[in-house]
Amino acid sequence: MVEKFLEGKGALITGGASGFGRGVAEAFAERGADLVLVDIKTDLLEETSSNIEKKYGCKVVPIECDVSKSDQVKAMAKRTFNELDNIYFLFDNAGIAPGYRKDFMKLEEDLYDLTMNVNLKGQWLVAKEICKKMRRQQFEPYAGKVVLTASMFGVIANEKSFAYSLSKAGAITMAKMLAKTLAPKITVNSISPGYHVTGIYHNSLDTLMSVHNDGKAQTPLNRIGDVDDVVKVILFIASDASNFITGHNFVIDGGISEVGVPANALKVDL
Amino acid sequence: MSKFLEGKGALITGGASGFGKGIAIEYAKRGASLVLVDINEDLLETTSNQIKNDHGVSVLPIICDVSKSDQVESMAKQAFEECGEIFVLNNNAGVGDPYGPDLLRLKEKYWDRLIDINLKGQWLVSKFVAKRMKKNIFTPIKGKIIHTASIAGMVPDEKICAYSIAKAGVLVMVKMLARSLAPNILVNAISPGYHLTGIYNNSEEAMLMTMKDGNVKTPLDRLGTVDDIAQLSVFLASPASDFITGHNFPVDGGIAEIGVPANYFKTEF
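Fair warning: this is a prediction, and the values are worked out from it, not measured in the lab.

(A) Up close: the overall build of chain B. In terms of regular secondary structure, chain B is built from eight helices and seven strands. A principal-axis box enclosing the C-alpha atoms of chain B has dimensions of 60 × 40 × 35 Å. The buried share among the 269 residues of chain B stands at 56%. Sequence separation of 24 or more characterises 74% of the internal contacts of chain B that already satisfy a separation of 6 or more. Split by element, the accessible area of chain B, about 11600 Å² in all, is 52% carbon and sulfur.

The structure is reproduced here in C-alpha cells:
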C-alpha cells in the first residue's frame, strides 16, 4: 500500500500518453492525484487516460495539444483549470527526437525548427501558462512543483542528435531560470534520463541499442534504464523529501554522462 | 514506513551529531543495523544509546580518527565482523574551521588538518569499507556509498579556502569511485548548503553571520535543516535511486545552482 501523499492535488503531464509521462501518471494516480494528460497523439491519449481512470478511480482529463503552438497551450491551460481546481505538479515532459544521425552540417532547417519548437519552446509555453496560476495556489510550503524533462544529451552533447541535444541543454538552463523566478513559491528541477526504452526510441529496444552502440556508450551500471527508474525520481521530487532542492538537474543514466567514458574518447587513435 | 534497510548494515562517519545523527535516525526507522563512527567519545555514546532505545535497532559505536589509516582499517574490520554486511556507507565526517583566513593567510597546520580529515579521511573510509562491501551477498546492488560534500565545493568560499578545496576534491573523488566500483556499488555525493549543525557549533547566530558575511541569498528563503539532508540520504539508500551513480545532489535551497554568487556583490560598477 503506497502513501497517498498527492490526494487533493492535481498533476499536469505533457507527453502523458506514453513513456515517462504515462509511467509518472500511473504512479501519481496510485498516490491519489487527479490528472490532466496532454499529448498530441489522440488515440493513445484516450486509451491511456481511460485505462488510468478505470484502474485508479481518479479524475483523468485528456487534452490534445501541440505544445509548440501558443494558442493551443493557452486553451489547454484554461481548460485544465476549469476541470481541476489546482495543479500542484507540472511534469513538462513532451518531446521529440527526429533526424537522428544528422549532424549540424546535414540537419535540415525544418527538422531543427520542429525539434526546437516542440522541445524547447513547448516546455517554455507550458511552464508559462501553468505557472501563472500555480504560483497563486495556497498549498504550503510550496504552491507547486515543476519538473522539466531534459536529457543526458543536454549534459554530454551528442553530435548525431544535434537539435535534440541543444534543446535539452536549453531545458536544463530553463529549469534554473524558472527556479529563480518562481522561488520561494515553486520549486523547479530538471531530470536528465539516459537510455530508457520510450517513444523517443519508438518503444524499440533494437532502435535504442543501435543509438547506444553507435555512440559507443558505456553505461557504468551496465544495464539499460527503464521507465520506472525515472518515475521513482519524480516521486521523490514530488514528495516533501526534496523540499530544499530547486534548480537542480537530476541525472538518471546509470553513470554515463558523469562517470562514463565520453563517446569520443574511444574514437581517438593512440 | 517501508523497512527496506532491514537485515542491512549502515555505517555513518560523523554519526554522533549533525547530519550523521539525523541520517542514522532515519535509517533506524527503516530497520537498518547501525555502525556509528565518530571521534567525540561522549557524544557518540549518548547518540548510540538514544537511537538504540528509541528505535530498537542494533547500534555499534566505534571511536575513530578517520584521517589515520590504521584506525580506519580496524574500524572497517570491526564494523563488518560485528554488524554484518554494510549496505550503506555515509562518508560524512568532517570539520569546518577556521573561518576567515584566505589562502594567503591560512596557517599550514590548519590546511593539513582540514585536508587530512575532510579529503583523505573520506578516501580512507571508502577504501577500507568498499573492499569489504564488494564481497556483500546483496544483489544486484551490493552497496551504496554517499559522500557528504558541500556547496563550497561547487561555489568556493575564500573564507573557508581549505574546506572548499577539500569538498571540491570530494566531488571528483565520488565520480572516480563511482567508475571504479560500477556496476555493483553506487557512489553519489550530497552537497548541503547552510544547515544548523556542529560545523557552526550548533549556533544559528554563527551560521547567519557566515551567510551575511558572504552575502548569501537562499532562493527558497529559509535555512536548511538536518532533515533536508536525511531525507535525501534515505532516497539514495533506497531502490528509488538504483540507476543513479556519480551524481552530486546539492540540497541548499538553490544557492549553488541558481543563487547569485557571493562575489557578485563585491564588484564595483
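(B) Summary view of the side chain of Ser18(A). Inspection of the secondary structure puts Ser18(A) in the loop between strand 1 (10-14) and helix 1 (19-30). Apart from residues no more than four positions distant in its own chain, Ser18(A) is found in contact with Asp39(A) and Leu44(A).

(C) Quick look at empty space enclosed by the protein. Following the criterion strictly, the structure yields two cavities of 30 Å³ or more and no others. If you add up the space inside the largest cavity, you get close to 60 Å³. Taken together, 13 residues line the largest cavity, and the ones lying closest to its centre are Asp97(B), Pro98(B), Leu114(B), Ala162(B) and Tyr163(B). For the lining of the largest cavity, the secondary-structure elements that each account for two or more residues are helix 4 (108-133) and helix 5 (161-181) of chain B. Here the lining of the largest cavity is composed, by residue class, of 10 nonpolar, one polar and two charged. In this structure, the second largest cavity spans a volume of roughly 40 Å³. Looking at the second largest cavity, the residues that line it are Pro98(A), Gly99(A), Leu107(A), Thr115(A), Ser161(A), Phe162(A), Ala163(A) and Tyr164(A). Broken down by element, the lining of the second largest cavity gets its largest block of residues, three residues, from helix 5 (residues 162-182) of chain A.

Thresholds, definitions, all that
Residues numbered from 1 in each chain as written. Chains lettered and ligands numbered in written order. Predicted model: local features only at pLDDT ≥ 70, side-chain atom pairs only at ≥ 80, totals over all residues. Heavy atoms only, no water. Helix = DSSP H or I, 4+ residues; strand = E, 2+ residues; numbered from the N terminus. Buried < 20%, exposed > 50% of the residue type's maximum accessible area, 1.4 Å probe, protein only. Contact = heavy atoms within 4.5 Å. Areas by Shrake-Rupley, 256 points an atom, 1.4 Å probe, with all protein chains shown as cover. 1 Å grid on protein atoms, 1.4 Å probe; cavity = no way out; pocket = protein on both sides within 12 Å on 5 of 7 lines; lining within 4 Å. Points joined across faces, edges and corners; volume = space filled by probe spheres on them. Nonpolar A, V, L, I, M, F, W, Y, C, P; charged D, E, K, R; others polar.

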